[in-house]
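# Observations on chain architecture
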Amino acid sequence: MTEAPADPRSLPADHPLATGTTASAPLVQAYRGVPPAITPVWFMRQAGRSLPEYRELRTGLGMLEVCLDPALASEITLQPVRRHGVDAAIFFSDIVIPLRLSGIGVEIQAGTGPVFDRAVRTAADVDALVAAGVPHAEDSGFDPIREGVRRTVAELGATPLIGFAGAPFTLAAYLVEGRPSRDHLAARRLMHADPEAWARLMAWCADVTGAFLRAQLLAGASAGQLFDSWAGSLSRADYIRHVAPASARALSWARGLTAPDGSRVPLVHFGLGTGAFLPEMRDAGADVIGVDYRIPLDEASRRLHDAVPLQGNIDPALLGAPWPVLAEHARDVLRRGRSAPAHVVNLGHGVPPDTDPDVLTRLVGLVHEAGAE
Ligand code: CP3
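Report on the accompanying structure. Everything numeric here is computed off the predicted structure, so don't read it as measured data. (Residues numbered from 1 in each chain as written. Predicted model: local features only at pLDDT ≥ 70, side-chain atom pairs only at ≥ 80, totals over all residues. Heavy atoms only, no water.)

This part is about the overall build of the chain. When helices and strands are tallied, the chain shows 16 helices and 11 strands. Along the longest, intermediate and shortest principal axes, the C-alpha atoms of the chain span 60 × 45 × 40 Å. Looking at the chain residue by residue over its 373 residues, the buried ones come to 56%. The contacts in the chain between residues at least 6 apart in sequence include a share of 73% that link residues at least 24 apart. (Helix = DSSP H or I, 4+ residues; strand = E, 2+ residues; numbered from the N terminus. Buried < 20%, exposed > 50% of the residue type's maximum accessible area, 1.4 Å probe, protein only. Contact = heavy atoms within 4.5 Å.)

So this is what it looks like as structure tokens:
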């Protein structure tokens, strides 16, 4: 793995963190480790099938086409903010968008996930990909993303927008399998069968996904989140040796971005089933660790020496439980979150599509009231 690019750059003067519009938002404060007056809350996959207004807009339109339509992507991003009063928007897009913008044939099949025209299986496949080059954050291919972010930020005012990208391993797991898989065997096989080809693939993924994240941040997102949804299929040793350097490289494309007061754009690193390597995820260059529902927040915080702001970790399964059960669980999450320097409430993974949206709205009320106690 070559050195991660050191790439400091000031945010544009009209960026919401540079103008101060979002700088004192509870989410940004918490991400910077300063406990705000209310505990901020947002939900992964808060925009999506749980909302009737989303289902109506999506009718007859492909997922990736909607992501590349700035007006639609912006409207869908705003829907959960209006409805639930969450403390952040997350830009409506998908982790495979930068792959599509790099010329890779990929679709999202409803109920399945990303499906590719062909899988990347051999060193020759990897080299063909690398030879095709990587997009840069400033490339015109990202224009629809930039435009979508700008429109959204103009509507959001003091509510921060979170930009995001897939971590290199999660992208590589899809590319090598060609479609979603349970244990990512083909990807883990390539990692060990041809470590050099694997490293080239991971560096390529890091730069492609880093450009996507950087484009959103420069266009006005006030925080960034890297999703390593499938890293939980890795051993700690494989994560450290074959994955973490690429995640650090992806994050480095966003880490150098600073506001006029010298503060950086806060970065969140989230993984599913990654409790065994939370410190390594932090060391990859994150300010905040997103925790899934498998370990309690106080335990996650202990593994990080109680020194890292945490995000999480309401079990999405409990959204369908009777309200008193969910409410007690949410209060427990809030209590355990106090171990960390600051806590942003979220789910331990995305909102299930069959969730009653009124439950999410009620949960936002509970977090804001309980967090203010
Ligand atoms: O609200 C938000 O969180 C922002 C939007 C967002 C989407 N995808 C929209 C989406 C985000 C942050 C993502 C990230 C993403 N995409 C991840 C990482 C997070 C995670 O869930 O682990 C992954 C692994 C993907 C790949 C992907 N895209 C999957 C597995 C799916 C689901 C397939 C299905 O139908 O169940 C998608 C499609 C997708 N991305 C949808 C949404 C709202 C569903 C599309 C639909 O409406 O049919």
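This next bit is on unusual backbone geometry. A cis amide bond links G312 to the next residue, N313, at an omega of -20°. Its place among the elements puts N313 in strand β10 (residues 310–314). Positive phi, close to 60°, is recorded for R45, a residue that is not glycine. Mapped onto the secondary structure, R45 falls in the loop between α2 (26–31) and α3 (52–58). A residue is classified by how much of its surface remains accessible, and R45, at 57% relative accessible area, is exposed. Phi angles above zero are rare outside glycine, and D306 is one such case at about 50°. Within the secondary structure, D306 is located in the loop between α14 (297–303) and β10. Owing to a relative accessible area of 41%, D306 belongs among the partly exposed residues under this scheme.

Strand order in this open sheet of seven strands is β2-β5-β6-β8-β9-β10-β11, and the pairing throughout is parallel. With one partner strand each, in any of the chains shown, β2 (89–90) and β11 (343–347) form the two edges of the open sheet. The sheet contact formed by strand β9 (residues 288–290) and β10 spans two bridges and is parallel. The partner of G290 across the bridge, within β10, is Q311. On top of the sheet, helix α15 (residues 323–337) reaches β10 and β11; it is set at about 160° to β10, its chief contact. (Pairing = 2+ DSSP bridges. Axes fitted to C-alpha atoms, helices over the stretch in contact; angles between N-to-C directions.)

A few words on the site of the ligand. Near the ligand there are 25 residues, and of these R45, Y54, G111, S229 and H349 occur at the shortest range. In this structure, D94 approaches the ligand through a side-chain N or O atom, which is 2.7 Å from a nitrogen atom. Surface burial for the ligand is 92%, taken as the share of its 870 Å² of free accessible area covered by protein chains. Listed by contribution, the elements that provide at least two residues to the shell around the ligand are α3 and β4 (113–116). Taken together, the residues that form the shell around the ligand break down as 14 nonpolar, seven polar and four charged. (Near = heavy atom within 4 Å. Polar contact = N/O pair within 3.5 Å; in protein donor to acceptor, adjacent residues only side chain to side chain. Areas by Shrake-Rupley, 256 points an atom, 1.4 Å probe, with all protein chains shown as cover. Nonpolar A, V, L, I, M, F, W, Y, C, P; charged D, E, K, R; others polar.)

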